[in-house]
Structure formats: C-alpha cells, structure tokens
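What follows is each chain in one-letter form.
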Amino acid sequence: MDFKEQIQKGIPTELPALKPYPAAANRAPKRKDILSIEEKQLAIRNALRYFPKQWHAELAKEFAQELKTFGRIYMYRFKPTYKIYARPIDAYPAKCKQAAAIMLMINNNLDNAVAQHPEELITYGGNGAVFQNWAQYLLTMQYLSMMTDEQTLHMYSGHPMGLFPSSKNAPRVVVTNGMMIPNYSTPNDWEKFNAMGVTQYGQMTAGSFMYIGPQGIVHGTTITVMNAFRKILPEGESPAGKIFLTAGLGGMSGAQPKAGNIAGCITICAEVNSKAATKRYEQGWVDVLIDNMDSLVLRVKEAKEKNEVVSIAFIGNIVDVWERFDVEDIFIHLGSDQTSLHIPWTGGYYPVDVSYEESNRLISEDPEAFKEKVQDSLRRHAAAINKHNSKGTYFFDYGNAFLLEASRAGADIMAENKIDFKYASYVQDILGPMCFDYGFGPFRWVCTSGNPADLDKTDEIAMDVLEKMAAQSPKEIQLQMQDNIIWIKDAKKNKLVVGSQARILYADAEGRFKIAAAFNKAVAAGEIGAIVIGRDHHDVSGTDSPYRETSNIYDGSKFTADMAIHNVIGDSFRGATWVSIHNGGGVGWGEVINGGFGMLLDGTEAAAERLKSMIFYDVNNGIARRSWARNEEALFAIKREMERTPSLKVTLPNLVDDNILKNLF
Ligand SMILES: NC(=O)c1ccc[n+]([C@@H]2O[C@H](COP(=O)([O-])OP(=O)(O)OC[C@H]3O[C@@H](n4cnc5c(N)ncnc54)[C@H](O)[C@@H]3O)[C@@H](O)[C@H]2O)c1
C-alpha cells in the first residue's frame, strides 16, 4: 500500500507485525506507576476499544506490558511504516484542502527531526503530546482523508470522537486537550487520567499541530533578551561584553545561547546533562563548551575584558555557577533560568551537589528524598541570585515556574508584601508591556508546498508590509516594528528552518492581518502555494496563565481563564480552519489554559473574508481584556483600534485616584 492508501485505511485490517524499538530514538521517560489494579484493567479495556475483538487477547498482554514498562500505552505496533514528515499538501489524500493542510501540520509535529520523543507521539516539553497512542493517529488521519468541507472533526485529547455535519464556515477540526473538571487538575491527576487513556497534556503547539521547530523559541528569547538589556543599559549602550547567565540547553532552553548571540552579549548557559550540552555545541547553537569551573571563570573574565559577543555552555549545575561568580565577583547584568521547573520532581530540575546519575536513581527509587534535594537546591539557588541582585543584577523568571517552585520550597523569594515575588517575570517587565499589551505576538506561517522558494517569497512579502507600516506607526510601537523588520531580513541567514517551511515574527493585529492578506493575494496570483497561518499559544489573547502570559494583569483576574475560552470560541465562528484549547502548557498542568488556531489561506475570496474578522478578534480580545485591567499600553492600543474600526466598542475602565482608597478600611 502506498502512503495515501495507508492513510485512507486507518486502523489496518490485519494485525501489523511487532517492530523493534528504533535504536536512535529518544525515548520518553518512564511515567509514574500510579494506577490501582482496577484502574490498570480499565486502561487496557479503554485501549482495546480501538481494535476488533479477535485481537484483544494478544493485544491485552502487549498493552499491559507497555503500561508496566513505560507507564503508558503507546501502541507502538501500530506506528505506520511510512516516513512521517510535512509532505507537500498535494501528497495527502483528501476531499478538502483544509483537511490536507491539517494532516501536513500533524505530520510535522511527529517528524523524527522535529519531535522530542516521536515514538511516544511527544513533540516537545517532555510531555507535549499530539496523540496519546498510534490508534488515535491512524483514525484521525483517516477521518481527515474522508472529511468534506461541511464536516467537523471533534477531538478529545487526541481521541477523534468523530466527524459531525457542520458548514463551510465552521472549523474543520476542534481540539481540546487536558480539559478537566477544575478539582481534578493536579499533576497526579494528569499522571492518572493520562495513564488510563482519557486525557493528555497538549502543551501549547504540540496538541494543536502548530509547532514549527526551534525558531519560535529563538525569536521569543531574542526579543526578551534584547529588551531586557534595553531596560537596564543606558540608551544606545551595546550589550557586548555584558553577561547573561542562565541554565538549560534542552528543547526550548537550547535557544538561549543563539538568542544571546543575536542580541549581542556574553551568554553563559549551565547544563547538567553533558549529552544535551554537547548536542547544542555540535549543532552550532553555542560557541564554546566548558566542563570545569576554573576554566569557565577564566574564559568569562577574558570575554568581559575583550567585550566579546560569545555563548558558552558550562557542563554542570547552575547553582554552582551563581555561587562561584559571587565569590569571584563577576558582575552579571542579566540572569534567568530555563530548567524545566514545570516538572520539578521528574527530572525537570537537577539538584546541586547530587550527580546526574544519582538524581536519576532517586527519581525512580526514592522520589521523596529527591523532592527534598530539589527544594534544598532551590533555596540555595535563590539565595545566590539574591546576592547578585544586591550588587545590581537584573533577574527575571522566564516562564519555567522557577519563582513559583522556589517559593513553594520556602526560598527567600517573596517581596515584602508576601504576595508578590521579589523578581518580575519576563511577561511582567518585558513582553507584557512592550509587546502583548500592544497586540504584538508570535504570528507564524507554513508554506504547504514545502518549497523553500515559497518561504523566501513570503519573507519578502512580510518585510515589505512591515516596512510600509513602520513608516506610519506611532512612536509607541516603533521599536517592535524595527526589531521584527531586522529579524525577518536576517531570518534566512540565521538558518532556523527545521521540519516544515515555516517562519515566525511578532506583529500586532494590523500587521498580522496585512501580512496574511498579502499572502492570500500571492496565492491567488499563483506566485506561491497555499499558506497555513497560526500562532504560538504564548500570545496576547490565547493564554490565561497567572505565572506567565497574564502575569502582568493586576486587577485580580489573572487567576481566571475567561479570555482564553472566549478566544477559542470567538475564533471558531469567525473562520478558523481549526481551533484548540488546552490545560497545561509551559508552566504546568492546572496552571494555565491556552488556545490557538490554524487557518488555511488558499487564495480564495472566502479565505480573505474569514481572515479579516478572525485575526481582528484573535488579537483584540486580549488587548480589550488587558485594557480593562488598566494596562496603560493596552489602553493606548484599544483606543487606537476603536478609532480605526468604528464597529468595535470596548468597555474602558475609569481610573481611581489612590487617595480615594487610602482610609476606607
Ligand atoms: N518563556 C517561554 O516562552 C518558554 C518557552 C519554552 C519553554 N519554557 C519553559 O522553560 C523550561 C525549559 O524548557 P525545555 O523545553 O528547554 O526543557 P528541557 O527539559 O528540554 O530542558 C531543560 C534542561 O535543563 C537542564 N537542567 C535541569 N536542572 C538543571 C540545573 N540545576 N543546572 C543546569 N541544568 C539543569 C536539564 O538537564 C535539561 O536539559 C520549561 O519549564 C518550559 O516550560 C518557557
């Protein structure tokens, strides 16, 4: 059977042969053994409902073994034998082009070159799943191949519930991931219900088929580091020779040295796992690899003296670096952290003074002891940062739950009011006021032809649109416009494409709309093939996350999730090709609700119409909410939008004088 026939077949009619696990694959860690015997039986019963009865006896044993050995049932046997990657859109069997575009995006998220644990259907973040098992993949692709443009596929955490009649204007796919009854949303609930096969952790762009490899995070980190330096340096002073100290060279964190180089500073990135550090060095994402502290100190002093722009990977624990640099009196301008503290007890954060191997042993054999070591380490970590901060270091939380977990460990990290943290998150100080409140966020696109020449053409179109807009933009958003013009000019040179032919840049509502409309025209004129547009969920409107995306909301509403829910509903009836809403994301299960969309631009008038109203709402929903929270920049942006768009009427806050409140209670 060829590729198309295999997709159309769905679950095969003959039991496929068992295959050995590919030696080169990066296997997902063994998950917690959390189910009771009855629950394990239920997990097997749940898994077997995808298959005909005559296979049950054989598969039951196999799935029980998978559950025992890996903590989950992935159904490895059913992984298709064809190579999974973003094929050109015409390679997919489909009755409607929108469905083919979605298949392409799913395949990109599961590409061996893109996904973190492709055999376990995990795209990134250790747990960011596209599907829970291979049966769900096979069925979903089959449904997409038979779908017309008057049907919608509803997906529950990777499980395709089915095709339902809808209309041409409805989304083709509606995705929910990890949506729980709120009282069942602790990390252990994820372990339990995911092991049972009834929910999954979709992260942000994993379960929504919108991941575009590492370039998204390189862009976001570059913008953050550049603006952090702007915050602390006198106007016009270069970051060259100034230190940015951080940790993690994993999936996302590996972007830090590359971003530091683009921003033009000295980046020092500690990484306990020598394999991860060496991989980033060999890929050219970091310039220098050092494995002992004395050499690191010497090399850093030299780089400072020479005002270098250089990135250094240090194989070792970040806590040791903070402490030693204090003893050596090495001044750190910027500090952050990107260890995986959204999963602190399962290997996201390695404690100081415990070897990497010993930590891994404790994780599986003595989790309580491991937890204590992590919390001790976090207290030391925070204490060392505090010492540097007292000398003038600017530390920011980069959305990895560092401050949250340090506070839970009892570290000296709380502000005097005992409510806020001592340090701001990157959204509070940088991305929130400088980007999100103005509507700037991670707009992205994928060329469905798979042709690099199409990507070049779209880069040119986007640059042209931004340059024309920048000539007319108010001073408040000039910096954002210029940063993104430079980014798109250099994007090809920076060789950021991994997987599908994709690009990211930050733009506001007007910019996103104008770029997308220009793409649609170019598709209609036959200059390029169809384009999928979308965005990261880490954006203006898509995500409610009190310790990250909405950490700069100060009216108390950051613990609500109305904005993300309105966004996904609003986008779905305004013409998105697919929409998704997730529990989870970067900060952790139960800590965030995030959503996104995908839209196919096929050059038609209908696509042009859909685009107009959907992008407008997708961005302005968040600006409206941010302005209601009294954020100054969002008030500016929404008033400007209302002047431009008379049919937009947003409720604006009346600001209260502090004196009125002083003696009330
Ligand atoms: N702000 C954002 O936009 C953003 C984006 C992506 C990811 N994140 C968050 O950043 C974190 C990292 O993401 P990732 O995909 O790189 O995860 P990852 O698990 O692939 O990488 C984290 C790395 O940190 C290393 N590490 C752990 N403890 C260490 C220690 N004490 N010292 C030195 N190294 C240590 C690990 O070995 C690992 O390689 C996550 O919590 C994620 O949610 C934030």
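Rules and cut-offs
Residues numbered from 1 in each chain as written. Predicted model: local features only at pLDDT ≥ 70, side-chain atom pairs only at ≥ 80, totals over all residues. Heavy atoms only, no water. Helix = DSSP H or I, 4+ residues; strand = E, 2+ residues; numbered from the N terminus. Rg over C-alpha atoms; globule rule 2.2 N^0.38 Å. Buried < 20%, exposed > 50% of the residue type's maximum accessible area, 1.4 Å probe, protein only. Contact = heavy atoms within 4.5 Å. Pairing = 2+ DSSP bridges. Expected span 1.5 Å × (residues − 1). Near = heavy atom within 4 Å. Polar contact = N/O pair within 3.5 Å; in protein donor to acceptor, adjacent residues only side chain to side chain. Areas by Shrake-Rupley, 256 points an atom, 1.4 Å probe, with all protein chains shown as cover. Lys, Arg positive; Asp, Glu negative; His and termini not counted. Salt bridge = Lys/Arg side-chain N within 4 Å of Asp/Glu carboxyl O. Phe/Tyr/Trp six-rings, centres within 6.5 Å; stacked < 30°, edge-to-face > 60°. Lys NZ or Arg CZ within 6 Å of the ring centre and 35° of its normal. Core = buried A, V, L, I, M, F, W, Y, C linked by side-chain atoms within 4.5 Å.

Enquirer: Sorry if this is basic, but what is going on with the overall build of the protein chain here?
Expert: Each helix and strand in the protein chain was counted, giving 23 helices and 17 strands. A globule of 665 residues ought to have a C-alpha radius of gyration of about 26 Å, and the protein chain, at 25 Å, matches this closely. Taken along its principal axes, the extent of the C-alpha atoms in the protein chain is 70 × 65 × 55 Å. Across the 665 residues that make up the protein chain, the buried fraction comes to 60%. Within the protein chain, contacts between residues separated by at least 24 positions form 70% of all contacts whose residues are at least 6 apart in sequence.

Enquirer: Sorry if this is basic, but what is going on with the sheet that holds strand β6 (residues 243-247) here?
Expert: Sheet strands pair via backbone hydrogen bonds, and the direction of the pair is either parallel or antiparallel. As summarised here, the arrangement of the six strands in space is β8-β9-β7-β6-β10-β11, forming an open sheet in which the pairing is parallel. Strand pairing shows two members of the sheet lacking a second neighbour, β8 (288-290) and β11 (394-395), which therefore form its edges. Where strand β10 (residues 334-335) and β11 come together, two bridges link them in parallel fashion. The residue bridging Leu334 from the neighbouring strand is Tyr394, located in β11.

Enquirer: Please explain the environment of Trp285 as it appears in this structure.
Expert: With respect to the helices and strands, Trp285 occurs in the loop between α9 (274-282) and β8. Among the residues examined, Trp285 registers a relative accessible area of 9% and is labelled buried. It is 35 Å that separates the C-alpha atoms of Trp285 and Glu633, two residues lying 348 residues apart in sequence. With sequence-adjacent residues up to four places away left out, Trp285 is seen in contact with Pro214, Val218, Gly254, Ala255, Pro257, Lys258, Arg280 and Ser311.

Enquirer: How should I be thinking about helix α4 (residues 97-110) in this particular structure?
Expert: Residues spaced three or four apart along an α-helix point in a common direction, a consequence of the helix completing one turn every 3.6 residues. Helix length check: α4 (14 residues) gives 20 Å between terminal C-alpha atoms against 20 Å at 1.5 Å per residue, within 8%. In terms of residue burial, α4 counts as a mostly covered element, since 13 of its 14 residues are buried.

Enquirer: Help me out: how do you make sense of the site of the ligand in this one?
Expert: Surrounding the ligand, one finds 28 residues, the nearest of these being Ser253, Glu271, Ser340, His342 and Tyr398. In this structure, an oxygen atom belonging to the ligand sits 2.7 Å away from a side-chain N or O atom of His342. Between Gly586 and the ligand, the recorded distance is 2.8 Å, taken from a backbone N or O atom to an oxygen atom. Considered on its own, the ligand offers 850 Å² of accessible surface; in the complex 91% of this is hidden by protein.

Enquirer: Explain the side chain of Arg31 here, please?
Expert: With respect to the secondary-structure elements, Arg31 resides in the loop between α1 (3-9) and α2 (37-48). Buried and without a salt bridge, Arg31 has Glu191 as its closest oppositely charged side chain, separated by 6.0 Å. At 2.8 Å, the side chain of Arg31 forms a polar contact with the backbone oxygen of Gly126. Setting aside residues up to four positions removed in sequence, Arg31 forms contacts with Phe70, Gly71, Arg72, Tyr74, Ile122, Gly126, Asn127, Trp190 and Glu191.

Enquirer: Explanation requested: the pattern of salt bridges in the structure shown.
Expert: Pairing between side chains of opposite charge can happen when their charged atoms approach one another. On inspection of all chains with the given rule, the structure shows 46 salt bridges. A salt bridge links Arg77 to Glu58, with the nearest nitrogen and oxygen atoms 3.2 Å apart. You can see Arg77 sitting in the loop between α3 (56-70) and α4 and its partner Glu58 sitting in helix α3, a full 19 residues away along the chain. Given the relative accessible area of 5%, Arg77 is considered buried. A relative accessible area of 45% means that Glu58 is categorised as partly exposed. Each of Glu510, Lys514, Arg640, Glu641 and Arg644 takes part in salt bridges that share partners, so that together they form one network.

Enquirer: What am I meant to see in the packing of aromatic side chains here?
Expert: How two aromatic rings sit relative to each other is set out by the distance from centre to centre and by the angle between their planes. Going through the model one piece at a time under the given rule, you end up with 29 aromatic pairs. Three or more aromatic residues joined by ring pairs make a cluster, and in this case those are Tyr50, Phe51, Trp55, Phe63 and Phe78. When the ring centre of Trp285 is taken as reference, the NZ or CZ atom of Lys258 above it lies at 4.7 Å. The positively charged end of Arg280 is found above the aromatic ring belonging to Trp285, 5.2 Å away from the centroid.

Enquirer: Whenever I open this one, unusual backbone geometry confuses me. Can you help?
Expert: For residues that are not glycine, phi is negative in most cases, and the peptide bond is trans in most cases. We note that Met75 has phi near 65°; this positive angle belongs to a residue other than glycine. With a relative accessible area of 1%, Met75 lands in the buried category. Look at Arg630: it is not a glycine, yet its phi comes out positive at around 75°. Considering the arrangement of structural elements, one finds Arg630 in the loop between α21 (605-628) and α22 (632-644).

Enquirer: What is the right way to look at the nonpolar core in this model?
Expert: It is characteristic of soluble globular proteins that their nonpolar side chains tend to be buried jointly. Formed by 136 residues in total, the largest nonpolar core has its most connected members in Phe51, Phe63, Ile106, Tyr137, Trp445, Leu505 and Ile533. The element that contributes the greatest number of residues to this core is α4, accounting for nine residues. Beyond its immediate chain neighbours, meaning those up to four positions away, Ile106 contacts Val130, Phe131, Tyr137, Thr140, Met141, Leu144 and Phe209. Grouped together as the second largest cluster of nonpolar side chains are 45 residues, Val310, Ala382, Ala406 and Ala411 included.

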